[in-house]
Structures are given as C-alpha cells and as structure tokens.
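Chain by chain, the residues run as shown.
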Amino acid sequence: MPKSIVLYSTTGCPLCARYRALFDEHGHAFEERNTSEDPAYRDELVALGVMVTPTVIVGDHAVPGFRPNTVAELITA
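Fair warning: this is a prediction, and the values are worked out from it, not measured in the lab.

Conventions and cut-offs
- Residues numbered from 1 in each chain as written.
- Predicted model: local features only at pLDDT ≥ 70, side-chain atom pairs only at ≥ 80, totals over all residues.
- Heavy atoms only, no water.
- Helix = DSSP H or I, 4+ residues; strand = E, 2+ residues; numbered from the N terminus.
- Rg over C-alpha atoms; globule rule 2.2 N^0.38 Å.
- Buried < 20%, exposed > 50% of the residue type's maximum accessible area, 1.4 Å probe, protein only.
- Contact = heavy atoms within 4.5 Å.
- Areas by Shrake-Rupley, 256 points an atom, 1.4 Å probe, with all protein chains shown as cover.
- Lys, Arg positive; Asp, Glu negative; His and termini not counted.
- Charge placed at Lys NZ, Arg CZ, Asp CG, Glu CD.
- Phe/Tyr/Trp six-rings, centres within 6.5 Å; stacked < 30°, edge-to-face > 60°.
- Pairing = 2+ DSSP bridges.
- Right-handed = clockwise from strand over helix to strand, strands pointing away.
- Axes fitted to C-alpha atoms, helices over the stretch in contact; angles between N-to-C directions.
- Left-handed = near helix turned anticlockwise from the far one by under 90°.
- Nonpolar A, V, L, I, M, F, W, Y, C, P; charged D, E, K, R; others polar.

Q: Please clarify how the overall build of the protein chain should be interpreted in this entry.
A: Each helix and strand in the protein chain was counted, giving three helices and four strands. Reading the protein chain from its N end, one meets helices and strands in the order β-α-β-α-β-β-α. What you see for the protein chain is a C-alpha radius of gyration of 11 Å, in line with the 11 Å of a compact globule of 77 residues. Taking the principal axes of its C-alpha atoms as reference, the protein chain extends roughly 30 × 25 × 20 Å. Per-residue burial for the protein chain yields a buried fraction of 30% across its 77 residues. Pairs at least 24 residues apart make up 57% of the contacts formed inside the protein chain by residues separated by at least 6 positions. A total accessible area of about 4700 Å² is found for the protein chain, and carbon and sulfur atoms account for 55% of it. The centroid of the 6 positive side-chain charges in the protein chain is displaced by 5 Å from the centroid of its 10 negative side-chain charges.

So, in structure tokens, the structure goes:
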C-alpha cells in the first residue's frame, strides 16, 4: 500500500515547485497544503515542531526543507 505524502508549501516557493515536479515525474500521489492560502496549515506545521516550507510528511515522518533523497528513501522503505 502506498504511503501518504503531504507537501506543506507556500505560494511562489521554488523548492516546493521542485517537489511537485518530482512527485508528478515519479507518479507519486500527494496532497498539497499551502500555508500561504490557509493559515491552519501553518498551525499544523508548528504543532509538528516545524516552521519551514517546504516540509514533506511521508507516513508519519516529517522532512523539513528540500531533501529529496531522504523523501525518496521514506517513500520506498
């Protein structure tokens, strides 16, 4: 069963766009939560102890910043 992937992003973020492109390129379904458009998503990140976008949640693991190799390892593990 595929792991859930959530991308916390902000409007105009180039690294967020790179994550979107990588997920699309590899056929990974993901949910995007734009913290610029909905402040409640920012609150979700703070509750996780994270204050940076992009942040990717794979299953129950949070990966703050742009760390595509770490995200790929979590997706395939």
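Q: Is there a simple way to think about the packing of aromatic side chains in this case?
A: Here the distance between the centres and the angle between the planes together describe a pair of aromatic rings. Following the criterion strictly, the structure yields three aromatic pairs and no others. Considering the side-chain rings of Y19 and F23, the 5.7 Å spacing of their centres and the 15° angle between planes classify their relative orientation as stacked. With Y19 and F23 both in helix α1 (residues 14–25) and four residues apart, this pair spans about one turn of that helix. For the pair formed by Y19 and F23, the shared burial category is buried. Ring geometry for F23 versus F30: centroids 5.1 Å apart, planes at 50°, classification tilted. Feature note: the residues Y19, F23, F30 and F66 constitute an aromatic cluster, connected by ring pairs.

Q: How do you make sense of the pairing of strand β2 (residues 31–34) when you look at a structure like this?
A: Consecutive side chains along a regular strand alternate between the two faces of the sheet. Direction of pairing for strand β1 (residues 5–9) relative to β2: parallel, over a ladder of four bridges. Across the sheet, L7 pairs through a bridge with E32, a residue of β2. This β-α-β element, β1 to α1 to β2, shows right-handed connectivity.

Q: Just checking my understanding: could you explain the packing of α1 against helix α3 (residues 68–76) for this structure?
A: A pair of packed helices is characterised by two quantities: the angle between their axes and the separation of those axes. Put simply, α1 and α3 touch, their axes get as near as 12 Å, and they point 35° apart. Remark: the crossing between α1 and α3 carries right-handed chirality. Of the residues in α3, those in contact with Y19, L22 and F23 of α1 are P68, V71 and I75. For the contact of α1 with α3, a count of residues per class yields six nonpolar, no polar and no charged.

Coordinates in, geometry out; function isn't part of it.
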